Amino acid sequence: MSPDALRSILFVPATRPERIAKALASPADAVIVDLEDAVAESGKATARESLDSFLNDNPQARLMVRVNAPGTYHYKSDLALCARHAAISHLVIPKTETCQALERAAACNKPLWPLIETARGLLALPALVHAPGVERLSFGALDMCAELGLETGTPGAQQILDQSRYALLVHSRAAGLMPPVESVHPSIEDTAAIGQAAKRAREMGFSGMLCIHPKQLPPINQAFTPSEAEIAWASKVLEGVAQHAGAFSLDGQMVDAPVIARAQGIIAKVRAS
């Protein structure tokens, strides 16, 4: 699937190779095999070996990998593993805070997704978005809550986290990156809350959402998929463009360059899926 059309990106622990195959066969648009948070410190080396074996046995697989954070003992070994396998399409770099850390990851010659989840990462955004290899930003709201001492799930925390989202969105757009990816949602069973969070992220300009469980996939995919009404509207707008040299009226509303751009974006997303 085109990177432009990624709606749901599912995390899978590297220690559970049987789940990797299931995740790749799931409705997830992309899969991130996790060497970081999902793996205990004592199991890091085993996790790398497990992922290495899976990729040797399944060279046709296409997946992303979240390595351990820059500055940790495991970062160099994780990158060495990723550099060896063409099946690994992207690297997710947690707790990204410096361009220097990304330079080492860029040597793997794979697109990078810096995961912004610390105060230093936020402050470094003006430089990070221009680092070599960076394709798009992703957001770690739960880690950011812990970093900033926020009370998770409260209106106050939401307000601060939204300011972080604003920063990711604006810096991504200014640097010409793909739109950022929303953080995971902590709930697994509350599909209504998950869908609402995904819909809100889409309204804020995010293009997709990180997932921690297959049950989260249906509401997230639905939220980031243009509805039939949106597609019909966009098609009607573009039909009008072909008939008019400049701005025109459609169903009582003015259609000019920003409206046309939105319609084009909807149709482009449908064609890329």
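Here the structure is a predicted model, which means the values were calculated and not measured.

## Quick notes on the pairing of strand β3 (residues 63-66)
With burial as the criterion, each face of β3 is covered, one bearing Leu63 and Val65 and the other bearing Met64 and Arg66. With three bridges connecting them, strand β2 (residues 30-34) and β3 associate as parallel partners. The partner of Val33 across the bridge, within β3, is Val65. Handedness of the crossover joining β2 and β3 through helix α2 (residues 44-57): right-handed.

## A closer look at the packing of aromatic side chains
For the coordinates displayed, the defined rule picks out zero aromatic pairs. Positioned above the aromatic ring of Trp233 is the side chain of Arg262, whose terminal nitrogen or guanidinium carbon lies 4.7 Å from the ring centre.

## Some details on the nonpolar core
Membership of the largest hydrophobic core comes to 60 residues, with the highest contact counts inside it found for Val33, Leu51, Leu63, Val65 and Leu91. If we skip the residues at most four places from it in the chain, Leu63 touches Ile20, Leu24, Val31, Val33, Phe54, Leu55, Ala87, Ile88, Ser89 and His90.

## Points about the layout of surface pockets
For the largest pocket, the calculated volume is near 490 Å³. In terms of lining residues, the largest pocket is bounded by 25 residues, among which Phe11, Val12, Asp34, Ala38 and Ile212 are the most central. Elements with a minimum of two residues in the lining of the largest pocket: β1 (8-13), α1 (17-24) and α7 (141-148). Grouping the constituent residues of the lining of the largest pocket by class yields 14 nonpolar, three polar and eight charged. Counted as a void, the second largest pocket has a volume near 420 Å³. As for the second largest pocket, its lining consists of 22 residues, and the residues nearest its centre are Gln158, Arg165, His185, Pro186 and Ala197. Listed by contribution, the elements that provide at least two residues to the lining of the second largest pocket are α7, α8 (155-175) and α9 (191-203). A breakdown of the residues in the lining of the second largest pocket according to their chemical character gives twelve nonpolar, seven polar and three charged.

Reading the values: the criteria
- Residues numbered from 1 in each chain as written.
- Predicted model: local features only at pLDDT ≥ 70, side-chain atom pairs only at ≥ 80, totals over all residues.
- Heavy atoms only, no water.
- Buried < 20%, exposed > 50% of the residue type's maximum accessible area, 1.4 Å probe, protein only.
- Helix = DSSP H or I, 4+ residues; strand = E, 2+ residues; numbered from the N terminus.
- Pairing = 2+ DSSP bridges.
- Right-handed = clockwise from strand over helix to strand, strands pointing away.
- Phe/Tyr/Trp six-rings, centres within 6.5 Å; stacked < 30°, edge-to-face > 60°.
- Lys NZ or Arg CZ within 6 Å of the ring centre and 35° of its normal.
- Core = buried A, V, L, I, M, F, W, Y, C linked by side-chain atoms within 4.5 Å.
- Contact = heavy atoms within 4.5 Å.
- 1 Å grid on protein atoms, 1.4 Å probe; cavity = no way out; pocket = protein on both sides within 12 Å on 5 of 7 lines; lining within 4 Å.
- Points joined across faces, edges and corners; volume = space filled by probe spheres on them.
- Nonpolar A, V, L, I, M, F, W, Y, C, P; charged D, E, K, R; others polar.

Don't take any of this as a statement about function, it's just geometry.
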